[in-house]
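Listed below are the residues making up each chain.
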There are 2 protein chains.
Amino acid sequence: MAVQKPSIPKGTRDFSPEQVAKRKYILTTIEKVFIKYGFMPIETPTMENLTTLTGKYGDEGDKLLFKVLNSGDYLKELKEFNDKGMDHEEMDKTFLPSYTGKLSDLDSKASIPFISEKGLRYDLTVPFARYVVMHQNEITFPFKRYQMQPVWRADRPQKGRYREFWQCDADVVGSDSLLNELDLIQIYDEAFRELGIGNYELRINNRKILAGIAEVVKGIEHMNTIAVAIDKLDKIGEEGVAKELLLSRFLENEIQKLFEIINIKGDQISQLFSLKEKLKSSQEGIKGIEELEFIFKSFDSLLDSARSDNKQINSSTVSSSGVVNYSTNKQLNLKIDFSLARGLSYYTGSIFEVVSTEGSLKSSIGGGGRYDNLTGIFGLPNVSGVGISFGLDRIYDVMEELNLFPPTIKSSNTKVLFCCFDNASQQYALGCLKKLRDANIPSEIYPDIKKVGKQLDYANALKIPFACIVGENEMQTGKLVLKDLHLGTQENFSVDEIIKKIITL
Amino acid sequence: MAVQKPSIPKGTRDFSPEQVAKRKYILTTIEKVFIKYGFMPIETPTMENLTTLTGKYGDEGDKLLFKVLNSGDYLKELKEFNDKGMDHEEMDKTFLPSYTGKLSDLDSKASIPFISEKGLRYDLTVPFARYVVMHQNEITFPFKRYQMQPVWRADRPQKGRYREFWQCDADVVGSDSLLNELDLIQIYDEAFRELGIGNYELRINNRKILAGIAEVVKGIEHMNTIAVAIDKLDKIGEEGVAKELLLSRFLENEIQKLFEIINIKGDQISQLFSLKEKLKSSQEGIKGIEELEFIFKSFDSLLDSARSDNKQINSSTVSSSGVVNYSTNKQLNLKIDFSLARGLSYYTGSIFEVVSTEGSLKSSIGGGGRYDNLTGIFGLPNVSGVGISFGLDRIYDVMEELNLFPPTIKSSNTKVLFCCFDNASQQYALGCLKKLRDANIPSEIYPDIKKVGKQLDYANALKIPFACIVGENEMQTGKLVLKDLHLGTQENFSVDEIIKKIITL
């Protein structure tokens, strides 16, 4: 066989021991928080049926699906059938026993059914919805699940964007309560703090507020136009947004009204207070404001009562005027953002986005929201859900740039490397090695007979802290040379002494 | 959109919270052992280039690769080009900028380059070889890596065989030392014991012994024929094997000689002693026996010295007659099996297989061996490697059947569920909940206002051990009702008392 110069598909990556350790650190940190908040893990297959995936992510998403060829040599067969002039119906019967469509669907953009019926997981939300429907009889609702798995998108790779990347999702289905939102916000806060990402901003909005804004600005039917435009504020600025809305036949005064609303500043109390005034004619808008208020009020309840150790109900959280006092929320990096409009095609209530505010990346490291009828498409209507997602790879990039990984994370966890002069001392060292391992000390023996200097190079490259050197002398006395590779010092110890020494470090 | 009845691709599975917890228990147990023995993790992409995968697993393996369609609507384009009668060279230029082959390769069985250039990982060994070659300048050799990831094969699904399944591999590359084999055998032993799978058999053989057997039976060129035949001993018995060899023009006395050898019984000393006598005319065979002897001798060294606490070299492990004394190895479930011939197309030295010997499954739960030149195909010759693999899914099935999972493994880790009578008590409970979580006690609040009985049903379904019931009384006194859902008892406690009580459990 000819020698091949190996490569990997673009947008995918190998992970070295150190990278795996760092990624695992992020995953474990997030997972611990999920568990603390009562979430349970599920996993779904890498491949889903295309019938499950297509049509769920919009036309753009359908194009980004990685499709898997059916087994068998379909292309060759296609050629043969093309040559033979076999008709469509015959081909359908031959190749599509499980497919209910027709080969003529071949011309449709999204599906190539007869050579491909499976695709790679595009996100964790649609597989979760499918899971809930398929397993509804085994599930106790409300179902609080987390899922940490890779997803694939045939997107153009660029800095911070990969074709294989991991999502860490937590969702609650089967509960309308806004206390779920409260939990999810706390999960974000706790996980990012645990990871050392203090400089982040959790932006929150509500689709009902966006509807209310549309209603008072120009009419509810214009919500999507408004949402699509203001979603680009960060990129194209107010001028760009205004230009876009003018093109969509918005009047100057409508645009001005819109900006007056989304630019409402101040603390959360006054923000919501001002908005209430502006949206007072929109029932939907007022409902959205009340949902946000409930979330903030609940934060005050939990923070007040946890802080003050007060055994009595703290009624001061709601003032007599009905305006909620949520000044304490400043300690969460929670920011109301009336222009936040992501995921509007499926979110029906709360909308979240988390952005890292330090370093060059400033990228979205998480997002989520409430969707009222996600499982409907799979035959289980009226199940409300709310969820959040952590983007592992973005978080990794941010932490790497800001140097946030603990220095204790290393490629190798080995504490002691046995270095031997010859075969006899290797055989002798095997028993010592076993004792260390029996004491749960990760340890190794350099397997080949090489100069001790070479063996120590290996230990140094892997940042193994100790080397245990064994030769004839050591075998005779039972006292091994223990070399501290960090300090460069060495001393003779028995194996038991070595174990005692290492185990307390 | 029409309602779809959801399903998942055949041979794939969803994993429920309990299943994920059990799978994680296996993975964590194996991983801890890998780390204790000095192995470091890597991860490789789910998709590999087909040029990396094809031709590495034999014709059969090539057929079982899951191939991923290139992005873009290639099939439609293929049809158009077929219609236009575009010639091959033109199509190559249009579609295959990165592909060095020709469209005429389309007729070859394995590759469908112009609509597919990527495939799903088929095992962890070939991606590892590719990794080693691509990252050779960053790697310190010997490189001891572990890798725990899913692989995909378009095999016919059946009991215990899935299209998506996990492998857990540990390999050492860049060292010829048989001490690596010693480590890997210990890893198997330790991991299976930790998992509670005491009834397993680790079969060991050596390709050089198989070569020696072929040499003395009929000639080295018949090794593969012999290997393929005796590999089926378990299934078709001696009679079947003999029949197959007769068809391959083996003579009666050759077959008889073969069975005499592979049926050598007795303890390991006498097995190898008898074999040495029979293979004395084969240099290769003798080398294989010596390799096995070294492994067994080294086991005695490590067990003797660890057991006897003897500070002096234990020279009794090799008797004066040169026959190795390895009686102590009986405590490892290690069995020499001269008929073990798996993976002969790549293994060049040691061959391992692990079989569960209890329960109905009796399936192979692990395997491995030494390969002298795995990275050669990717341009890095003369790098010896030896590795083992754990089959997560088979191990899971065995443990499930034999009821070996610890009863502490549960879907939910939540210790306390707060059940509230109304909105006010919910708001009150939020602070208590926060205190428990701050004390690292996984806990939840039932998010909706429902009858307490309904809320307790949720706790019982998830086997949450305690419920904390909060109503007006509890808010007044600050003493909450803590219900032990296992015993059915209940008592009033302050939040701090509850924390103290739960945290010590």
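A. Up close: the overall build of chain A. Each helix and strand in chain A was counted, giving 18 helices and 16 strands. Buried positions account for 60% of the 505 residues belonging to chain A.

B. Inspection of the state of the cysteines at higher detail. In total, this model carries 0 disulfides over all chains according to the counting rule given. Of the cysteine sulfurs around B:Cys420, a residue in no disulfide, the closest is that of B:Cys419, at 7.2 Å.

C. Local environment of the relation of the copies chain A and chain B. Placing chain A over chain B gives an RMSD of 0.0 Å and needs a rotation angle of 180°, together with 0.0 Å of translation along the axis. Those values place the two copies in the arrangement expected of a two-fold rotation axis. Relative to the rotation axis, the closest C-alpha in chain A is found at A:Val68, a distance of 2.1 Å. A share of 100% of interface residues in chain A that are also interface residues in chain B marks the association as one of identical surfaces.

D. Structural view of the packing of aromatic side chains. This structure, assessed with the given rule, holds 30 aromatic pairs over all chains. Summarising the aromatic geometry, the rings of B:Tyr25 and B:Phe405 are spaced 6.3 Å apart at their centres and angled 65° between planes, so their arrangement reads as edge-to-face. Here the residue B:Tyr25 occupies a position in helix α1 (residues 17–36), and B:Phe405 occupies one in the loop between α14 (392–401) and β12 (416–420), the gap between them amounting to 380 residues. Exposure remark for B:Tyr25: the relative accessible area of 24% places this residue in the partly exposed category. With relative accessibility at 9%, the residue B:Phe405 sits in the buried group. The interplanar angle of 55° and the centroid separation of 5.4 Å between the aromatic rings of B:Tyr396 and B:Phe405 together place this pair among those described as tilted. An identical accessibility class is assigned to B:Tyr396 and B:Phe405; each is buried. The rings of A:Phe34, A:Phe39, A:Tyr146, A:Tyr188, A:Phe192, A:Tyr200 and A:Phe390 are connected pair by pair, giving a single aromatic cluster. If you follow A:Arg13 out to its NZ or CZ, it ends over the ring of A:Tyr162, 3.4 Å from the centre. When the ring centre of B:Phe15 is taken as origin, the NZ or CZ atom of B:Arg23, which lies over that ring, is 3.8 Å away.

E. Spotlight on the sheet that holds strand β15 (residues 480–484) of chain B. Residue and element names in this part refer to chain B. The sheet built from 5 strands is open, its strands ordered β13-β12-β14-β15-β16 with mixed pairing. Edge strands, defined here as strands with exactly one partner in the open sheet, are β13 (443–445) and β16 (490–493). Strand-to-strand twist of the sheet, defined as the mean angle between neighbouring strand axes without regard to direction, takes the value 25°. One ladder, built from 3 bridges, connects β12 with β13; its direction is parallel. If you follow Leu417 over to β13, its bridge partner there is Glu444. This element, helix α16 (residues 452–461), spans β12, β13, β14 (466–470) and β15 of the sheet and lies at about 165° to β12.

F. Highlighting the sheet that holds strand β8 (residues 334–336) of chain B. Residues and elements named next belong to chain B. Read from one edge of the open sheet, 8 strands run β1-β5-β6-β11-β10-β9-β7-β8, paired in mixed fashion. Lying at the two open borders of the sheet, with one neighbouring strand each, are β1 (40–41) and β8. Here α14 sits on the sheet and contacts β6 (164–173), β9 (350–356), β10 (364–371) and β11 (385–391); the angle it forms with β11, its principal contact strand, is near 40°.

G. Expanded view of the pattern of salt bridges. One pass over the structure, following the stated rule, counts 57 salt bridges over all chains. Residues A:Glu31 and B:Lys24 are paired through a salt bridge, measuring 2.3 Å at the closest nitrogen-oxygen approach. Highlighted residues: A:Glu31 in helix α1 (residues 17–36) and B:Lys24 in helix α1, drawn from two different chains. Judged by relative accessible area, which is 15%, A:Glu31 ranks as buried. Judged by its relative accessible area of 28%, B:Lys24 is partly exposed. With a shortest N-O distance of 2.9 Å, B:Arg23 and B:Asp393 are connected by a salt bridge. Of this pair, B:Arg23 sits in helix α1 while B:Asp393 is found in helix α14, placing the two residues 370 residues apart along the sequence. The same class applies to B:Arg23 as to B:Asp393, namely buried. Among the charged side chains, a network of salt bridges with common partners joins A:Lys144, A:Asp183, B:Arg437 and B:Glu444.

H. Geometry of the packing of helix α7 (residues 179–194) of chain A against helix α15 (residues 423–438) of chain B. One can describe the packing of α7(A) onto α15(B) by two numbers: an axis separation of 13 Å at closest approach and a directional angle of 25°. By the criterion of interaxial angle, the relationship of α7(A) to α15(B) is roughly parallel. The two elements α7(A) and α15(B) meet at a crossing, and its hand is right-handed. Contact residues: α7(A) offers A:Leu179, A:Leu182, A:Asp183 and A:Gln186, while α15(B) offers B:Gln426, B:Leu430 and B:Arg437. Among the residues making up the contact of α7(A) with α15(B), the classes are represented as 3 nonpolar, 2 polar and 2 charged.

I. Fine view of unusual backbone geometry. Residues and elements named next belong to chain A. Phe141 connects to Pro142 through a cis peptide bond whose omega is -5°. Even without a glycine there, the phi angle at Arg249 is positive, about 65°. Within the secondary structure layout, Arg249 lies in the loop between α10 (233–247) and α11 (252–262). With a relative accessible area of 71%, Arg249 lands in the exposed category.

J. Structural view of the interface of chain A and chain B. Contact residues are listed per partner, giving 127 residues for chain A and 127 residues for chain B. Here chain A and chain B share 8 salt bridges between them. The salt bridge involving A:Glu444 is made with B:Lys144; its shortest N-O contact spans 3.2 Å. The interface formed by chain A and chain B contains 36 residue pairs in polar contact (both at pLDDT 80 or more). Classifying every residue of the side of chain A that touches chain B by side-chain character gives 57 nonpolar, 40 polar and 30 charged.

K. Quick peek at the nonpolar core. One finds A:Ile30, A:Phe34, A:Phe390, A:Ile395 and B:Phe418 to be the most contacted residues of the largest nonpolar core, which totals 142 residues. Non-local contacts of A:Phe390, meaning those with residues more than four positions away in its chain, are made with A:Ile30, A:Phe34, A:Trp166, A:Gln167, A:Cys168, A:Asp169, A:Ile187, A:Tyr188, A:Ala191, A:Phe192, A:Ile365 and A:Ile395. The next biggest cluster of nonpolar side chains, apart from the first, holds 141 residues, and it includes A:Ile499, B:Phe34, B:Val216 and B:Ile351.

L. Spotlight on the confidence of the model for chain A. Residue and element names in this part refer to chain A. Mean pLDDT over chain A stands at 88; residues scoring 70 or higher make up 85%. Across residues 310–330, where pLDDT falls below 50, the model places 45 contacts with residues more than four positions away in sequence or in other chains. Our summary of model confidence lists the complex with pTM equal to 0.90 and ipTM equal to 0.90.

M. Up close: the side chain of B:Thr46. The residue B:Thr46 is located in the loop between β1 and β2 (47–49) in this model. At 2.6 Å, the side chain of B:Thr46 forms a polar contact with the side chain of A:Glu164. With near-sequence residues (within four places) excluded, B:Thr46 lies in contact with A:Trp152, A:Glu164, B:Gly119, B:Leu120, B:Arg121 and B:Trp152.

N. Examining the side chain of A:Glu190 more closely. Residue and element names in this part refer to chain A. Along the polypeptide, Glu190 turns up in helix α7. The exposure class assigned to Glu190 is buried, which follows from its relative accessible area of 17%. In this view, Glu190 contacts Val33, Lys36 and Tyr37; residues no more than four positions away in its chain are not counted.

O. Structural context of the pairing of β14(B). All names here are of chain B. Burial runs high along β14: 5 of the 5 residues are buried. Judged by which residues are buried, β14 turns out to be covered on both faces: Phe466, Cys468 and Val470 on one side and Ala467 and Ile469 on the other are all buried. When β12 meets β14, the two strands line up parallel, connected through 5 bridges. Paired with Cys420 across the bridge in β14 is Val470. Alignment of β14 against β15, held across 4 bridges, turns out to be antiparallel. From the neighbouring strand, Ala467 faces β15, where its bridge partner is Lys483.

What counts, and at which threshold
Residues numbered from 1 in each chain as written. Chains lettered and ligands numbered in written order. Predicted model: local features only at pLDDT ≥ 70, side-chain atom pairs only at ≥ 80, totals over all residues. Heavy atoms only, no water. Helix = DSSP H or I, 4+ residues; strand = E, 2+ residues; numbered from the N terminus. Buried < 20%, exposed > 50% of the residue type's maximum accessible area, 1.4 Å probe, protein only. Disulfide = S-S within 2.5 Å. Least-squares fit on C-alpha atoms with pLDDT ≥ 70 in both. Contact = heavy atoms within 4.5 Å. Phe/Tyr/Trp six-rings, centres within 6.5 Å; stacked < 30°, edge-to-face > 60°. Lys NZ or Arg CZ within 6 Å of the ring centre and 35° of its normal. Pairing = 2+ DSSP bridges. Axes fitted to C-alpha atoms, helices over the stretch in contact; angles between N-to-C directions. Salt bridge = Lys/Arg side-chain N within 4 Å of Asp/Glu carboxyl O. Parallel < 35°, antiparallel > 145°, perpendicular 65-115°, else oblique. Left-handed = near helix turned anticlockwise from the far one by under 90°. Nonpolar A, V, L, I, M, F, W, Y, C, P; charged D, E, K, R; others polar. Polar contact = N/O pair within 3.5 Å; in protein donor to acceptor, adjacent residues only side chain to side chain. Core = buried A, V, L, I, M, F, W, Y, C linked by side-chain atoms within 4.5 Å. pLDDT = per-residue confidence, 0-100.

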